[in-house]
Amino acid sequence: MPGDWSQDREVLRRVACGDDEAFRLFYRSHLEAVVAFFRVRVSEPELAFDLTAETFAAVVVSAHSYAGDGPATAWLFGIARNKLRDSLRRGRVEAAARERLGLEPMVLDDGDLERVDQVALTGSGQLEAELAALPEPTRRALLARVVEERAYGQIAAELDCSEQVVRQRVHRGLARLRAALKEEGR
């Protein structure tokens, strides 16, 4: 995972300019977390795979829209959450970003599907453990902002603190998660 926001900004700036190597770096850094995100939310590994593919295709298509004023992971999971929401509403995975890039659908064999499940189990377990280790106020702020996509003001009102405190908790929580997951990946 990129170590800080300036690295995230630079990688996504390069992706927006069509740098395939930058995309590969971003993809490899975040693939397992995105697969885990979808796999714990959908019942079929094929669906998790399709949603993951569409999410990363959308990254390529919309990398120019990443403003760099927050973690790329929050932006990435915002895309993932929107893809999931759209697929649930439509009853299928939209393939617009993949089609726009001219990507053919991939066929998965049993080994591929097993790997999707394994990545999800490994990734989600590590993330859940690290989230559980965060202080309660930090965890609540982080989940409300990143997972639920709620506004800082709304979270601040619920937690009875200022928006700046919520921003600090989210930033610190993401930094701790990033460091812990990076450390476990060594």
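Residues numbered from 1 in each chain as written. Predicted model: local features only at pLDDT ≥ 70, side-chain atom pairs only at ≥ 80, totals over all residues. Heavy atoms only, no water.

With respect to the overall build of the protein
Move 1: Helix and strand counts for the protein come out as nine helices and zero strands.
Move 2: The 186 residues of the protein split such that 41% are buried.
Move 3: Pairs at least 24 apart in sequence give 69% of the contacts found in the protein among residues at least 6 apart.
Move 4: Counting only carbon and sulfur atoms, one obtains 51% of the accessible surface of the protein, whose full area is about 10300 Å². (Helix = DSSP H or I, 4+ residues; strand = E, 2+ residues; numbered from the N terminus. Buried < 20%, exposed > 50% of the residue type's maximum accessible area, 1.4 Å probe, protein only. Contact = heavy atoms within 4.5 Å. Areas by Shrake-Rupley, 256 points an atom, 1.4 Å probe, with all protein chains shown as cover.)

Examining the packing of helix α2 (residues 20-39) against helix α4 (residues 72-90)
Move 1: Here α2 crosses α4 at 45 degrees, and the two axes come no closer than 11 Å. Classified by the angle their axes make, α2 and α4 are oblique. In this structure, α2 meets α4 at a crossing whose hand is right-handed. When α2 is examined against α4, the residues Phe26, His30, Ala33, Val34, Phe37 and Phe38 are found in contact with a partner set consisting of Ala72, Thr73, Leu76, Phe77, Ala80, Arg81 and Leu84.
Move 2: Classifying every residue of the contact of α2 with α4 gives 10 nonpolar, two polar and one charged. (Axes fitted to C-alpha atoms, helices over the stretch in contact; angles between N-to-C directions. Parallel < 35°, antiparallel > 145°, perpendicular 65-115°, else oblique. Left-handed = near helix turned anticlockwise from the far one by under 90°. Nonpolar A, V, L, I, M, F, W, Y, C, P; charged D, E, K, R; others polar.)

Concerning the confidence of the model for the protein
Move 1: When pLDDT is averaged across the protein, the result is 77; 74% of the residues are at 70 or more.
Move 2: By mean pLDDT, helix α5 (residues 96-100) is the weakest element of the protein at 54, and helix α8 (residues 152-159) is the strongest at 91. (pLDDT = per-residue confidence, 0-100.)

With respect to the nonpolar core
What tends to happen in soluble globular proteins is that the nonpolar side chains get buried as a cluster.
Move 1: Grouped together as the largest cluster of nonpolar side chains are 23 residues, with contacts concentrated most on Leu12, Phe26, Phe38 and Val59.
Move 2: For this core, the secondary structure elements donating two or more residues are α1 (5-16), α2, α3 (45-62) and α4.
Move 3: Looking at which element gives the most residues to this core, the answer is α4, with seven residues.
Move 4: Apart from residues no more than four positions distant in its own chain, Phe38 is found in contact with Ala48, Leu51, Thr52, Thr55, Ala80 and Leu84. (Core = buried A, V, L, I, M, F, W, Y, C linked by side-chain atoms within 4.5 Å.)

Considering the packing of α2 against α3
Move 1: The interhelical angle for the contact between α2 and α3, taken along N-to-C directions, is 145 degrees, at an axis separation of 9 Å. You can see that α2 and α3 cross each other, and the crossing is right-handed. For the pair α2 and α3, the contacting residues are Phe23, Phe26, Tyr27, His30, Leu31, Val34, Val35, Phe38 and Arg39 in the first and Pro45, Ala48, Leu51, Thr52, Thr55, Phe56, Val59 and Val60 in the second.

Digging into the packing of aromatic side chains
Move 1: In the structure shown here, the tally under the stated rule is seven aromatic pairs.
Move 2: Where Phe23 meets Phe56, the ring centres are 6.4 Å apart and the plane angle is 80 degrees; that geometry is what we call edge-to-face. Here the residue Phe23 occupies a position in helix α2, and Phe56 occupies one in helix α3, the gap between them amounting to 33 residues.
Move 3: Seen from their ring centres, Phe26 and Phe56 are 6.5 Å apart, and the 70 degrees between their planes marks the pair as edge-to-face. Of this pair, Phe26 sits in helix α2 while Phe56 sits in helix α3, and the two are 30 residues apart along the sequence. Side by side, Phe26 and Phe56 carry an identical accessibility label, which is buried.
Move 4: Feature note: the residues Phe23, Phe26, Tyr27 and Phe56 constitute an aromatic cluster, connected by ring pairs.
Move 5: Here the guanidinium or amino end of Arg145 rests over the ring plane of Tyr152, the centre of that ring lying 4.2 Å away. (Phe/Tyr/Trp six-rings, centres within 6.5 Å; stacked < 30°, edge-to-face > 60°. Lys NZ or Arg CZ within 6 Å of the ring centre and 35° of its normal.)

Focus: unusual backbone geometry
Move 1: Unusually for a residue other than glycine, Asp160 sits at a positive phi of about 55 degrees.
Move 2: Relative to the assigned elements, Asp160 resides in the loop between α8 and α9 (163-184).
Move 3: What makes Asp160 exposed here is its relative accessible area of 72%.

What to know about helix α7 (residues 136-147)
Move 1: The terminal C-alpha atoms of α7 lie 15 Å apart, and with 12 residues this matches the ideal 16 Å at 1.5 Å per residue to within 8%.
Move 2: Of all the residues in α7, the buried ones are Thr138, Arg139, Ala141, Leu142, Ala144 and Val146.
Move 3: Once α7 ends, the next one or two residues include Glu149, with phi positive near 55 degrees. (Expected span 1.5 Å × (residues − 1).)

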